[in-house]
Amino acid sequence: MLDRYNRNIHYLRISVTDRCNLRCTYCMPGEGITLIDKKDILTLEEIVDVVTTGASKFGIRKIRFTGGEPLVRKGIVELVEKVSSIDGIEETSMTTNGILLTEYAAALKKAGLKRVNISLDTLSPVKFSTITRGGDVEKVKDGIIAAREAGLTPVKINVVKTEVLDQEELEALKSYCEHNKLEIRYINQMDLKTGTFSKVEGGSSGHCASCNRLRLMSNGNIKPCLFGNHGFNIREFGIEEAFKLALDHKPLKGKINDNHQFYNIGG
Ligand code: SAM
Ligand code: SF4
């Protein structure tokens, strides 16, 4: 569906939970995380209803599951299966930290998931544990191989540019990805509160001119833009109206978001 600025919005990123089994320093605070109340988290059925309406009435064609960590959401495989089979949905993918992928990769593929992006900022066990506040990099590496073997391809590796990304690390990641037939994407660290994404692109507003997406938060808010405070809740407005409001409020350019963080929007 076209928005006010003639952008074709056909991509919905769904944060299925704000819970996570890691605590990356650039994503979550060390303590005092405000989690969404369990009763406010959408049920799997509600998420399926949002996608069904999005596909049939608003031209949504592509879905990405994200989080928090999507693989800690109970029923995630069932959700992927239901969403992948909705009329009009052409592709489902997932962004995951990979910790649980050895367990889930084959089932996700069978359920209809096309591909995964896996976040991996360093190959060093010590640096990985520091960045993620306790994560085990070997589990992620095993998850990456499991995803590739299950055919969740192309497997893309998301590398957030952190202080540990020196020349040696860059080369190690490059050769690891080449050797394992993985695509690398480098992500500039963003600060939603200050809107420092504009610096990232060297211009005024990231890729806003070609933005094709809306975001569904796990509490049911449809957000027009990552860099904005607006969100329209499907339980408050109903699914169709929430979609319409989100489309109508999609800004030409993102500014700042000072009421959410990555772990509750999903990046
Ligand atoms: N837990 C999953 C993961 O880590 O892949 C999915 C959710 S995570 C919020 C989605 C993506 O956002 C990850 O690739 C993560 O590295 C990225 N991300 C988190 N905080 C960020 C930040 N401050 N700036 C840029 N990217 C960020
Ligand atoms: Fe969890 Fe992903 Fe955020 Fe890291 S980036 S804390 S894995 S949601």
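Computed from a prediction, not measured in an experiment: that's the story for all the values here.

Okay, the packing of helix α1 (residues 44–58) against helix α2 (residues 76–84) next. Here α1 crosses α2 at 20°, and the two axes come no closer than 10 Å. Here α1 lies roughly parallel to α2, going by the angle between them. Considering how the two elements wind past one another, α1 and α2 form a crossing that is right-handed. Seen from α1, the contacting residues are Leu 44, Ile 47, Val 48 and Val 51; seen from α2, they are Glu 78, Leu 79, Lys 82 and Val 83. Looking at the contact of α1 with α2 residue by residue, the classes come out as six nonpolar, no polar and two charged.

Moving on to the packing of aromatic side chains. Scanning the entire structure with this criterion turns up two aromatic pairs. Ring geometry for Phe 58 versus Phe 243: centroids 4.8 Å apart, planes at 20°, classification stacked. Separated by 185 residues along the polypeptide, Phe 58 in helix α1 and Phe 243 in helix α9 (residues 239–248) bring together distant segments of the chain. Residue Phe 58 is classed as buried on the basis of its relative accessible area of 5%.

A few words on the pairing of strand β3 (residues 91–96). Consecutive residues of a regular strand have side chains that alternate between opposite faces of the sheet. Of all the six residues making up β3, six are buried; the element is thus mostly covered by neighbouring parts of the structure. Relative to β3, strand β2 (residues 62–66) runs parallel, the two sharing four bridges. Bridging across to β3, Lys 62 finds its partner in Glu 91. Taken together, β2, α2 and β3 form a β-α-β motif whose crossover is right-handed. Pairing geometry for β3 and strand β4 (residues 115–119), over four bridges, is parallel. Of the residues in β4, the one forming a bridge with Thr 96 is Ile 118. Read from β3 through helix α3 (residues 101–111) to β4, the crossover connection turns out right-handed.

Before going further, it helps to examine the pattern of salt bridges. Inspection of the entire model under this criterion finds eleven salt bridges. Measuring nitrogen to oxygen at the nearest pair gives 2.7 Å for the salt bridge that ties Arg 235 to Glu 46. In this pair, Arg 235 is assigned in helix α8 (residues 234–237) and Glu 46 in helix α1, connecting sequence segments 189 residues apart. Owing to a relative accessible area of 39%, Arg 235 belongs among the partly exposed residues under this scheme. Measuring nitrogen to oxygen at the nearest pair gives 3.7 Å for the salt bridge that ties Glu 178 to Lys 174. Residue Glu 178 and its partner Lys 174 are both found in helix α6 (residues 167–179); the two are separated by four residues, about one turn of the helix. Given a relative accessible area of 54%, Glu 178 falls into the exposed group. Three or more residues are tied together by salt bridges with common partners; here these are Asp 37, Lys 39 and Asp 40.

Another aspect to go through is unusual backbone geometry. Between Gly 67 and the following residue, Gly 68, the backbone shows a cis peptide bond with an omega angle of 15°. Note that Gly 68 resides in the loop between β2 and α2. Cis rather than trans, the peptide bond between Thr 153 and Pro 154 has omega equal to -5°. Look at Asn 6: it is not a glycine, yet its phi comes out positive at around 65°. Considering the arrangement of structural elements, one finds Asn 6 in the segment before β1 (11–15). At Arg 133, a position not held by glycine, the phi torsion is positive, near 55°. Within the element layout of this structure, Arg 133 appears in the loop between α4 (125–131) and α5 (137–150). Owing to a relative accessible area of 37%, Arg 133 belongs among the partly exposed residues under this scheme.

What counts, and where the lines are drawn
Residues numbered from 1 in each chain as written. Chains lettered and ligands numbered in written order. Predicted model: local features only at pLDDT ≥ 70, side-chain atom pairs only at ≥ 80, totals over all residues. Heavy atoms only, no water. Axes fitted to C-alpha atoms, helices over the stretch in contact; angles between N-to-C directions. Helix = DSSP H or I, 4+ residues; strand = E, 2+ residues; numbered from the N terminus. Parallel < 35°, antiparallel > 145°, perpendicular 65-115°, else oblique. Left-handed = near helix turned anticlockwise from the far one by under 90°. Contact = heavy atoms within 4.5 Å. Nonpolar A, V, L, I, M, F, W, Y, C, P; charged D, E, K, R; others polar. Phe/Tyr/Trp six-rings, centres within 6.5 Å; stacked < 30°, edge-to-face > 60°. Buried < 20%, exposed > 50% of the residue type's maximum accessible area, 1.4 Å probe, protein only. Pairing = 2+ DSSP bridges. Right-handed = clockwise from strand over helix to strand, strands pointing away. Salt bridge = Lys/Arg side-chain N within 4 Å of Asp/Glu carboxyl O.

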